[in-house]
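# Coordinates in review
Here's the letter readout for the chains.
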Amino acid sequence: MESGKKGNRKWNVAVFVMILWLVVSGCEPKYEAPVPTTAWATFDSPKAVPLNGVSRTFMEGVYTVTDGANQFGEQVALKWSYVTSITDTTYYLSVFCAKDVAYFVCAGKKFNNSLIFNGYWRKVINAETGIARFTINDQHGATQLLSGSPQIGKGDIVLEGTWGNGDAVPANSLAFSYVRPLYESKPLEIVGQRSGGRSSDHLPVAENSIGMIRYASRLGSTGIEMNVRLTSDGIPVLYHDNTLNLSLIQKNGLVGSIEDYSYQQINTFVRLIDGESIPTLNDALNAVVYSTDIRFVVIDTQYIGTLEAVRQLQKEYLQKALDIGRDIQIVIGLPAEDKVNAFLALPDYVSAPALCELSLEDVHRTQALVWGPRWTLGTQDAEVAQVQSEGRKAFVWTLDDPLYVDQFVNQSNFDGILSNYPSVVAYYHYVKQ
Amino acid sequence: MGFSSGWAMAQTETPSPDSTSRGTYALVAYIGGGMSRFVGTAGSPQGFNTSINRNSPSGTFRLMWHPDHLLRVGVESGWTGFYKYKVQGGTYTAKLNHTATPILLVFSMPVTKRLSLFAGTGTYLVTSYLDYVGKVQRSAFSLGFMASAMYVVPLSERVSLAGEFKWINARETKDTNLSLQLMVIWSLYQW
């Protein structure tokens, strides 16, 4: 009997220790998708020189994936974007895929009689990433693309290359063959949320950062939605969440919200997960106007209070864009009744472009430039036609599921789509026929 | 029945499985304090001359139900410092203090006559106090855990002294510390 008791007790203790161990050890998986090291001697050699604009423009298009379709899908869309700095403009070739929200970002150069591309691929639905390298040789389109006036038809351009996993030298073959130009008949604003993409998707830059604003068009965005909050001393800054938390910022010991701290405190103590400072709205709009090809900005105010500071910056940067000949729309988002009331309290709201997410009546009341219903309400063809007949635009939010993106791109008449996965929207839009 | 026998009830007075009578139940308070050391990554601003202090005082209050079987259950609160740092700028000094108050559901089990293990889960009310161009104190809840081992020395029928080695983890704020505390254990009520 006594030995039975001891046996039970040992068993109980073992179970307790096991539970204790589970509690202590936790089970938190850690996902990271660092950009691979893309050093490539050929690409970095002095013989490799920048591509000209003609080559870039004429190689944009819809391509069939003739090798590597298992990994990246049957078809892809290739598009160039750029960012500028004070001294330089850098061009990036993006490859948008439907499968697994995959995309490529490459730089391109001319090397002898070929075009070479060096970069990386990434699947946003997981943490898979790796190096990608392509070549267009003189037999497969380089001669045409390097001529002054290329005539490109189906099969005239073939990108042959390799992809790998992580930092490993790429060894898996990949080939894209040109099919047709990108769809451009009816423009679509592809608006990346959180200034282009979410930190939770482990993108190379933090959401709502200057880095993300500069990265957004590589993800396919033609526009971005900035999430704006006010510091305790009234400075509009970009930050999405209600609280300072470790999914968006590096650890600093502070808890609470953006609104609890002054800008000087935030700027000294808080860094986004990639190490960047939290940008002011002023810095963010400055980056859009002077260093990107982004043409549409939604300022999504996530605080309760006056929109005066936001309106002043909107006015200032619309004028600055005009001054340098850029056609950029900057609209103030009105997602709820309190925002509508704050907007109507502005002395010049009539001339302030806005995106109203509420009813058509509210759109008329605020004289909003854009109506933005949620996607769950359907394609709403009659309402969309009505606002378009009034000279307004209709954007739908937030479309992330590729199935619904496909449906809305191909079966609705919206002028814009807000998404956390702009590369998917870009794919379905550009491959339209 | 005295406390010391109540403490060791699991070892000495657990009813046999076929018995219909129960043993003694007790409501037991644990109160103590000691020092803790922050063992996680203490976040502080990059690029500044920062001095971090990872050692802090900590205190625990725990109320446990000791039934007549091995598993015991109760609640725990108290206070612990995680870390504090001072940032030395050109013309200014900034100070930050990061602390927590646990609010936990705790289970425990005696492993030997003198040694017990504790495990708990719940939330920590994490507080930051910033003194830099103005003072700001804010709190937020962070889900988390605790685990500890306690060695008990009975002093009388109702009172014991104990030493506890404790690990706490506020998961959402990624704060972890280890503490060594001296505890007074008092059997408040028995039935």
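Predicted model, so just to flag it, every value in this text is computed and none were measured.

Within chain A, the regular secondary structure consists of 14 helices and 18 strands. By its C-alpha atoms, chain A is 90 × 70 × 45 Å across when sized along the principal axes. Burial statistics for chain A: of 433 residues in total, 47% are counted as buried. Taking the contacts inside chain A whose residues are at least 6 apart along the sequence as the reference set, 58% of them involve residues at least 24 apart.

So, about the interface of chain B and chain A. Contact residues are listed per partner, giving 29 residues for chain B and 26 residues for chain A. Residue composition of the side of chain B that touches chain A, by class: 17 nonpolar, 10 polar and 2 charged.

Its location among the elements puts Gln250(A) in the loop between strand S12 (236-238) and helix H7 (263-269). Sequence-wise, Gln250(A) and Val270(A) are 20 residues apart; in three dimensions their C-alpha atoms are separated by 7.2 Å. Leave out the neighbours within four places in its chain, and Gln250(A) touches Arg271(A), Ile273(A), Gly275(A) and Gly43(B).

On to the nonpolar core, then. Counting residues in hydrophobic clusters, the biggest one holds 141 residues, and the most contacted among them are Val76(A), Val297(A), Phe395(A), Ile417(A), Val425(A) and Tyr427(A). Three or more residues apiece are contributed to this core by two domains, here domain 1 (41-180) and domain 2 (189-430) of chain A. Discounting residues that sit within four places of it in the chain, Ile417(A) has contacts with Leu188(A), Ile190(A), Val191(A), Phe395(A), Val396(A), Leu399(A), Phe408(A) and Val425(A). Listed in part, the 17 residues of the second largest apolar core include Ala26(B), Val28(B), Phe118(B) and Val152(B).

Residue and element names in this part refer to chain A. When its domains are assigned, chain A resolves into domain 1 (41-180) and domain 2 (189-430). Measuring from the centre of the C-alpha atoms in domain 1 to the corresponding centre in domain 2 gives 30 Å. The interface of domain 1 with domain 2 comprises 18 residues on the first partner and 17 residues on the second. No other element matches the 6 residues that strand S3 (residues 75-84) contributes to the side of domain 1 that touches domain 2. Among the residues forming the side of domain 1 that touches domain 2, the class breakdown is 13 nonpolar, 4 polar and 1 charged.

Turning our attention to the pairing of strand S9 (residues 175-190) of chain B. Residue and element names in this part refer to chain B. Here strand S1 (residues 26-38) pairs with S9 via 13 bridges, running antiparallel. Paired with Leu27 across the strands is Tyr189, a residue of S9. Here strand S8 (residues 159-170) folds back onto S9 in antiparallel fashion, the turn holding 4 residues, of which Lys174 has a positive phi close to 55 degrees.

Residue and element names in this part refer to chain A. Two numbers describe how helix H8 (residues 281-291) lies on helix H9 (residues 308-323): the axes approach to 10 Å, and their chain directions differ by 20 degrees. Taken together, the axes of H8 and H9 are roughly parallel relative to one another. Between H8 and H9 lies a crossing whose hand is right-handed. In contact with Leu281, Asn282, Leu285 and Val289 of H8, H9 contributes Val310, Leu313, Tyr317, Lys320 and Ala321.

Relative to strand S8 (residues 158-163) of chain A, strand S7 (residues 129-136) of chain A runs antiparallel, the two being bridged by 4 bridges. Pairing of Ala132(A) across the sheet is with Trp163(A), part of S8(A).

To continue, consider unusual backbone geometry. Residues and elements named next belong to chain A. With an omega of -25 degrees, the peptide bond between Trp397 and Thr398 qualifies as cis. Tracing the backbone shows Thr398 in the loop between strand S17 (393-396) and helix H13 (402-411). With phi around 60 degrees, Asp100 is a residue other than glycine that occupies positive phi space. Mapping Asp100 onto the fold places it in the loop between strand S4 (89-97) and strand S5 (102-111). For Asp100, a count of 17 C-beta atoms within 10 Å corresponds to the partly exposed category. Phi angles above zero are rare outside glycine, and Gln367 is one such case at about 55 degrees. Topologically, Gln367 is positioned in the loop between helix H11 (360-366) and strand S16 (370-371).

Take the packing of H13(A) against helix H14 (residues 422-430) of chain A next. Residues and elements named next belong to chain A. It is the contact of H13 with H14, at a shortest axis distance of 9 Å, that shows an interaxial angle of 40 degrees. Between H13 and H14, the crossing angle belongs to the class labelled oblique. Crossing of H13 over H14 shows right-handed handedness. In this structure, H13 contributes Pro402, Val405, Asp406 and Val409 to the contact, and H14 contributes Val424, Val425, Tyr428 and His429. Of the residues that constitute the contact of H13 with H14, the class distribution is 6 nonpolar, 1 polar and 1 charged.

Reading guide: rules and limits
Residues take numbers from 1 onward in each chain, read along the sequence in its written order. Note on labels: chains are lettered from A, ligands numbered from 1, in written order. Since the coordinates come from a predicted model, pLDDT governs what is reported: local features require at least 70, and pairs of side-chain atoms require 80 or more to be given and counted, while whole-chain, interface and lining totals use all residues. Secondary structure elements follow DSSP: runs of H or I no shorter than four residues count as helices, runs of E no shorter than two count as strands, and numbering proceeds from the N terminus. Backbone-placed C-beta atoms define the burial measure: a residue is buried with 20 or more other C-beta atoms within 10 Å of its own, exposed with 12 or fewer, and partly exposed in between. The contact criterion used is a C-beta to C-beta distance within 7 Å, with each C-beta placed from the backbone. Note on residue classes: Ala, Val, Leu, Ile, Met, Phe, Trp, Tyr, Cys and Pro are nonpolar, Asp, Glu, Lys and Arg are charged, and everything else, Gly too, is polar. Any set of buried Ala, Val, Leu, Ile, Met, Phe, Trp, Tyr and Cys residues joined through C-beta atoms within 7 Å is what this text calls a nonpolar core. Here the limits of each domain have been adopted from an automatic or database domain assignment. When DSSP finds two or more bridges between a pair of strands, those strands are recorded as paired. In this analysis, axes come from line fits to C-alpha atoms, helices being fitted only over the stretch in contact, and the angle between any two N-to-C directions falls in the range 0 to 180 degrees. Oblique is the label for every angle not falling under 35 degrees (roughly parallel), over 145 degrees (roughly antiparallel), or within 65 to 115 degrees (roughly perpendicular). In this scheme, a crossing is called left-handed if the near helix is turned counterclockwise away from the far one by less than a right angle; it is called right-handed if the turn is clockwise.

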